[in-house]
Amino acid sequence: MKIAIEAQRIFRKDKHGMDFVVLEFVRRLDKLGGTDEFYILVGPGEDECLAESERVHIVRINAGSYPVWEQIALPLALMKIKPDLLHCTSNTAPLFCSVPLVLTLHDIIFLERQRGSNASLYQKLGRIYRRLMVPPVLKKCKTIITVSDFERKRILSSLNLPQDRVVSVYNGFSPAFRPMEAGECEAVRQKYIAQDGFIFFLGNTDPKKNTVITFKAYSLYLKESKIRRPLLVADYSPARAKASAEEAQCPEILSNMILPGYIPNTDLPYIYNSAFAFLYTSLRESFGIPLLESMACGTAVVSSNTSAIPEVAGSGALLVDPTEPRLIADALLSLERDAELLQKTRAYGLERVKNFSWENTARGVVDIYHEIGKE
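Residues numbered from 1 in each chain as written. Predicted model: local features only at pLDDT ≥ 70, side-chain atom pairs only at ≥ 80, totals over all residues. Heavy atoms only, no water.

A. Broad picture of the sheet that holds strand β6 (residues 141-146). Read from one edge to the other, the open sheet built from 7 strands follows the order β3-β2-β1-β4-β5-β6-β7, with strand pairing classed as parallel. Of all strands in the sheet, those bounded by a partner on one side alone are β3 (56-60) and β7 (166-168). Strand after strand, the sheet turns through a mean of 20 degrees between neighbouring axes, direction not considered. Summarising the sheet, strand β5 (residues 101-104) and β6 pair through 4 bridges and their orientation is parallel. The residue of β6 that forms the bridge with Leu103 is Ile144. Across the sheet, helix α2 (residues 66-81) touches β1 (2-6), β2 (37-42), β3 and β4 (85-88), and the angle it forms with β2 is around 150 degrees. Together, β6 and β7 form the strand contacts of helix α4 (residues 149-159), whose direction differs from that of β7 by roughly 165 degrees. (Pairing = 2+ DSSP bridges. Helix = DSSP H or I, 4+ residues; strand = E, 2+ residues; numbered from the N terminus. Axes fitted to C-alpha atoms, helices over the stretch in contact; angles between N-to-C directions. Contact = heavy atoms within 4.5 Å.)

B. Geometry of the sheet that holds strand β13 (residues 318-320). What the 6 strands build is an open sheet, ordered β10-β9-β8-β11-β12-β13; its pairing is parallel. Each of the sheet's edge strands pairs with one partner strand only, and the pair in question is β10 (257-261) and β13. The average undirected angle you get between the axes of adjacent strands in this sheet is 25 degrees. The pairing of strand β8 (residues 199-202) with strand β9 (residues 231-234) spans 4 bridges and is classified as parallel. Bridge assignment links Phe201 to a residue of β9, and that residue is Val233.

C. Region of interest: the packing of aromatic side chains. Evaluation of the coordinates by the stated rule reveals 11 aromatic pairs. Both rings, one in Phe200 and one in Phe278, keep their centres 5.6 Å apart while their planes meet at 40 degrees; by these two values the pair is tilted. Of the two residues, Phe200 sits in strand β8 while Phe278 sits in strand β11 (residues 277-280), which places them 78 residues apart along the sequence. No difference in accessibility class separates Phe200 from Phe278, as the two residues are buried. Among the aromatic residues, ring-to-ring pairing joins Phe177, Phe200, Tyr272, Phe278 and Tyr280 into one connected group. Across from the ring centre of Tyr66, 4.9 Å away, lies the NZ or CZ of Arg9, which sits over that ring. Its end group placed over the ring of Phe276, Arg229 keeps NZ or CZ at 3.8 Å from the ring centre. (Phe/Tyr/Trp six-rings, centres within 6.5 Å; stacked < 30°, edge-to-face > 60°. Buried < 20%, exposed > 50% of the residue type's maximum accessible area, 1.4 Å probe, protein only. Lys NZ or Arg CZ within 6 Å of the ring centre and 35° of its normal.)

D. Expanded view of the environment of Ser219. Of note, Ser219 is situated in helix α6 (residues 211-224). Judged by relative accessible area, which is 5%, Ser219 ranks as buried. Considered as a pair, Ser219 and Pro251 are 32 residues apart in the sequence and their alpha carbons are 9.0 Å apart. Other than its neighbours up to four places away in sequence, Ser219 contacts Cys250, Glu252 and Ile253.

E. Structural detail: helix α7 (residues 238-247). Taken as a whole, α7 has its buried residues at Ala241, Ser244 and Ala245. Angular distribution of buried residues about the axis of α7 spans 100 degrees; they occupy a single face of the element. Facing away from the buried surface of α7 by more than 90 degrees, the exposed residues are Ala239 and Glu247. Packed against the buried residues of α7 are α6 and β10. Where α7 ends, the next residue or the one after it, Gln249, has phi of about 60 degrees, a positive value. (Arc of directions from axis to C-beta.)

F. Molecular detail of the packing of helix α1 (residues 17-29) against helix α13 (residues 358-373). Between α1 and α13, whose axes approach to 9 Å, the crossing angle comes to 75 degrees. Here α1 lies roughly perpendicular to α13, going by the angle between them. Counting all contacts with α1, which are made through Val21, Glu24, Phe25, Arg28 and Leu29, the residues of α13 involved are Trp358, Glu359, Ala362, Val365, Val366 and Tyr369. Grouping the amino acids of the contact of α1 with α13 by side-chain chemistry returns 8 nonpolar, no polar and 3 charged. (Parallel < 35°, antiparallel > 145°, perpendicular 65-115°, else oblique. Nonpolar A, V, L, I, M, F, W, Y, C, P; charged D, E, K, R; others polar.)

Here's what the structure looks like:
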């Protein structure tokens, strides 16, 4: 088959969730073998992180804003390539498409009531665009791929789609996320924080990331811990942190926080390995790749008992109600005070991640392509 795959943002420097999903998935396509040809449709960017091969071709499309790129430039490129199908990988797709369409719908959070209002303007505009585009696009899809059984059920119940139209294919994690010795991590870790044994939290302006309640929990932890570990918060500005700490009524925690800004994905394995524990206290996730990445590094994780997180983390994970700061703090304190629990949590994570890989993801998606090709 001749397959076009939309990967508009994978060359941008500061990548985030969906960018890494399509990048890691595409990197595995060549390794599966076969005779399929893949045309990867990308926008301009500084980080050319994907190389061409005999069967994987990169098609660069220069256009203006994302809607112009997707709704005008992408369909024009398809007319030249003439693929057997198009796979759009980031929730939206062209309204007018001349070939069979597969869409990866990571979640339908944009259709749900927002929790809070501290999202950035970029996030707000993206939400509006998805709310306008996704419902009509779904009617045109041959297959809709989502990333967990939880999200599949949400999509089916909310959008009244046929059961066989929506399938779940799990995400994976990169082999770069693995246990490391302290000496192996030190040079990278020192770029961000002077000491190891800290608590790590991936900050974000999206309300679902639950930053304010997480800060409240950290405040409770500091009051009761004898060690008082610093909190390293990635991808969160000092101004945002100050505002969130004040909203949480615990501005005193700022003196114990490290705020390095964006941490590249290539540095994250060293950060996870250097951390005492990773907080993934989100209110709503369709999958949760950071869960796998942290567990694959042997890091103890405190996470939420909501949405798709229990499905990914499994029954042996340390999960709490993310709306209760007391429970988050208690979980951290338990890991700190109970060496056996800490070791058990680490060992469980290393075993759990064996169920996931990007190779499995790529294989599952290519099987879907071939099913459509038989029609």
